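So you can see what is in the structure, the chains are spelled out below.
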Amino acid sequence: MLANDVRRFIEYLSDVRGYAAHSVASYQRQLTQVVKALTKLEITDWRQVDVAVVENLVMQWRREGAGSSTLHQRLAALRTLFDYLVSRGELEANPAKVVKAPKAPKRLPKNLDIDSILQLLEFPAEEPLALRDRAMFELLYSSGLRLAELVSLNVADIQPDRELRVTGKGSKTRIVPYGKEAARWLTQWLQERSSWPGSDQPALFLSKQQRRLTPRSVQLRLKKWGVEQGLFDNLHPHKLRHSFATHMLEASSDLRAVQEMLGHANLSTTQIYTHLDFQRLADVYDAAHPRAKRTR
């Protein structure tokens, strides 16, 4: 009976709701696992499934090694199936609605150490494209920009006193500072840019085709320079943003200031960058906490 109901539900998603084939296949895959687990519990009717049963399923799948993403997908499929059965009058309530999958652990973003940043940014910038790239990457690291923010910059966004007007997520605008080294290369690029065909375009960083650079172009250029500078560790523009955030926090510990510069709406998003090594934390604790200090 369980499998028959799943079959009806899958047909409903495909024929009535018009779900894409890959979405339908995902629902079928997850609900097949649900039916298999319920059959082991000798449950043959959806009306036998209550909140406790759903919680038991989640714990069982977790013991079997299912990751957070899988658990979220499986619960979502089960909730949607129950909603379907409730709408048809075959169930009175949806027992999966109140059950939450465990939160996925936050992965620490990988960053480059300061020596690696210096190694990357010391590539020769004698020809025009290299000069443009040096200005781009100095700015990425100097201000912690997102890739989309970098490519959307216009010449008019360069403000006095080494400040930059950045349009971030949700079209929110913020003003961020940039350093002396970024300013030096940006000045050289603007001089070079003035003689480029298409220099009347508003975009700060132009391609050889006289158009605004695409995110993909920036990714490829950074990868190229990373290889040439001996950095083979999956180098991508966001890693420069991660490095900016980590280095700023390690030097200043000013979480609010870094939040403002990164353009994070929530402080919790910025807190992921506070991954200082344990030994440093232990040293600070031993030196500062009254109960950690040993008396002679």
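Reading the values: the criteria
- Residues numbered from 1 in each chain as written.
- Predicted model: local features only at pLDDT ≥ 70, side-chain atom pairs only at ≥ 80, totals over all residues.
- Heavy atoms only, no water.
- Core = buried A, V, L, I, M, F, W, Y, C linked by side-chain atoms within 4.5 Å.
- Buried < 20%, exposed > 50% of the residue type's maximum accessible area, 1.4 Å probe, protein only.
- Helix = DSSP H or I, 4+ residues; strand = E, 2+ residues; numbered from the N terminus.
- Contact = heavy atoms within 4.5 Å.
- Axes fitted to C-alpha atoms, helices over the stretch in contact; angles between N-to-C directions.
- Left-handed = near helix turned anticlockwise from the far one by under 90°.
- Nonpolar A, V, L, I, M, F, W, Y, C, P; charged D, E, K, R; others polar.
- Expected span 1.5 Å × (residues − 1).
- Polar contact = N/O pair within 3.5 Å; in protein donor to acceptor, adjacent residues only side chain to side chain.
- pLDDT = per-residue confidence, 0-100.
- Parallel < 35°, antiparallel > 145°, perpendicular 65-115°, else oblique.
- Phe/Tyr/Trp six-rings, centres within 6.5 Å; stacked < 30°, edge-to-face > 60°.
- Lys NZ or Arg CZ within 6 Å of the ring centre and 35° of its normal.

Trainee: Could you clarify how one ought to interpret the nonpolar core in this entry?
Mentor: Proteins that are soluble and globular tend to have nonpolar side chains buried together. Membership of the largest hydrophobic core comes to 40 residues, with the highest contact counts inside it found for Phe137, Leu139, Leu145 and Phe205. For this core, the secondary structure elements donating two or more residues are helix 5 (114-120), helix 6 (128-143), helix 7 (147-151), strand 2 (163-167), helix 8 (180-193) and helix 9 (215-228). The element best represented in this core is helix 6, accounting for 8 residues. Once residues within four sequence positions are removed from consideration, Phe205 is found in contact with Arg132, Ala135, Met136, Leu139, Leu150, Leu186, Trp189, Arg211, Arg212 and Leu213. Judged by nonpolar contacts, the second largest core, of 32 residues, contains Val34, Leu71, Leu85 and Ala101.

Trainee: Looking at this structure, I do not really get the packing of helix 6 against helix 8. What am I missing?
Mentor: If you want to describe how two helices pack, look at the angle between their axes and the distance between the axes. Relative to each other, helix 6 and helix 8 sit at 145°, their axes nearing to 8 Å. The chirality of how helix 6 crosses helix 8 is left-handed. Packed against helix 6, whose contacting residues are Pro128, Leu131, Arg132, Arg134, Ala135, Glu138, Leu139 and Ser142, the element helix 8 presents Glu181, Ala182, Trp185, Leu186, Gln188, Trp189 and Glu192 at the interface. Residue composition of the contact of helix 6 with helix 8, grouped by class: 8 nonpolar, 2 polar and 5 charged.

Trainee: Explain the environment of Leu147 here, please?
Mentor: Residue position: Leu147 is located in helix 7. Classification of Leu147 by relative accessible area gives buried; the value is 14%. Each C-alpha atom, one on Leu147 and one on His236, is 9.5 Å from the other, the two residues being 89 residues apart in sequence. Leu147 has contacts with Pro215, Val218, Gln219 and Pro237, leaving out every residue within four places of it along the chain.

Trainee: Is there a simple way to explain helix 6 in this structure?
Mentor: Since the α-helix packs 3.6 residues into each turn, any two residues three or four apart lie on the same face. For helix 6, built from 16 residues, the straight-helix expectation of 22 Å at 1.5 Å per residue is met to within 8% by its first-to-last C-alpha distance of 23 Å. Of all 16 residues in helix 6, 13 are buried; the element is thus mostly enclosed. Its side-chain oxygen at 3.2 Å from the backbone nitrogen of Leu129, Glu127 defines the N-terminal cap of helix 6. Taken from the residues just after helix 6, Gly144 is the one with a positive phi, measuring 65°.

Trainee: Looking at this model, I keep getting lost on the side chain of Asp5. Mind explaining?
Mentor: For Asp5, the location among the structural elements is in helix 1 (residues 2-16). Among the polar contacts listed, one links the side chain of Asp5 to the side chain of Arg8, at a separation of 2.6 Å. Setting aside residues up to four positions removed in sequence, Asp5 forms contacts with Trp46, Leu81 and Glu90.

Trainee: Could you clarify how one ought to interpret the confidence of the model for the protein in this entry?
Mentor: Residues shown with low pLDDT carry predicted positions that ought not to be read at fine detail. When pLDDT is averaged along the protein, the result is 83; 81% of the residues meet or exceed 70. Element-level mean pLDDT values for the protein span from 54 in helix 12 (residues 267-270) up to 93 in helix 8.

Trainee: Sorry if this is basic, but what is going on with the packing of helix 2 (residues 21-40) against helix 4 (residues 68-87) here?
Mentor: The N-to-C vectors of helix 2 and helix 4 enclose an angle of 90°; their axes lie 9 Å apart at closest approach. Comparing the axis directions of helix 2 and helix 4 gives the class roughly perpendicular. Residues Ser26, Tyr27, Gln30, Leu31, Gln33 and Val34 of helix 2 lie in contact with helix 4, whose contacting residues are Thr70, Gln73, Arg74, Ala77, Leu78, Thr80 and Leu81. Per-class residue counts for the contact of helix 2 with helix 4 are 6 nonpolar, 6 polar and 1 charged.

Trainee: Looking at this structure, I do not really get helix 3 (residues 51-63). What am I missing?
Mentor: With 13 residues, helix 3 ought to run about 18 Å at 1.5 Å a step, and its terminal C-alpha atoms sit 19 Å apart, in line with that. On its buried face, helix 3 sits against helix 2 and helix 4. Capping the start of helix 3 is the job of one residue whose side-chain oxygen sits 3.2 Å from the backbone nitrogen of Ala52: Asp50. At the exit of helix 3 stands Gly65, carrying a positive phi of roughly 100°.

Trainee: Looking at this model, I keep getting lost on the packing of aromatic side chains. Mind explaining?
Mentor: The geometry of an aromatic ring pair is captured by two quantities: the separation of the ring centres and the angle between the planes. Per the stated rule, a full pass over the model turns up 9 aromatic pairs. Look at Phe123 and Trp225: their rings are 4.0 Å apart centre to centre, the planes differ by 15°, and that puts the pair in the stacked class. With Phe123 in the loop between helix 5 and helix 6 and Trp225 in helix 9, this residue pair connects regions lying 102 residues apart in the sequence. Judged by relative accessible area, Trp225 falls into the buried class, the value being 5%. A network of ring pairs unites the aromatic residues Phe9, Tyr12, Tyr19, Tyr27 and Tyr84 as a single cluster. Seen from the ring of Phe123, Arg134 lies directly overhead, with NZ or CZ sitting 5.8 Å from the centre. Its guanidinium or amino end placed over the ring of Trp225, Lys224 lies 3.5 Å from that ring's centre, counting from NZ or CZ.

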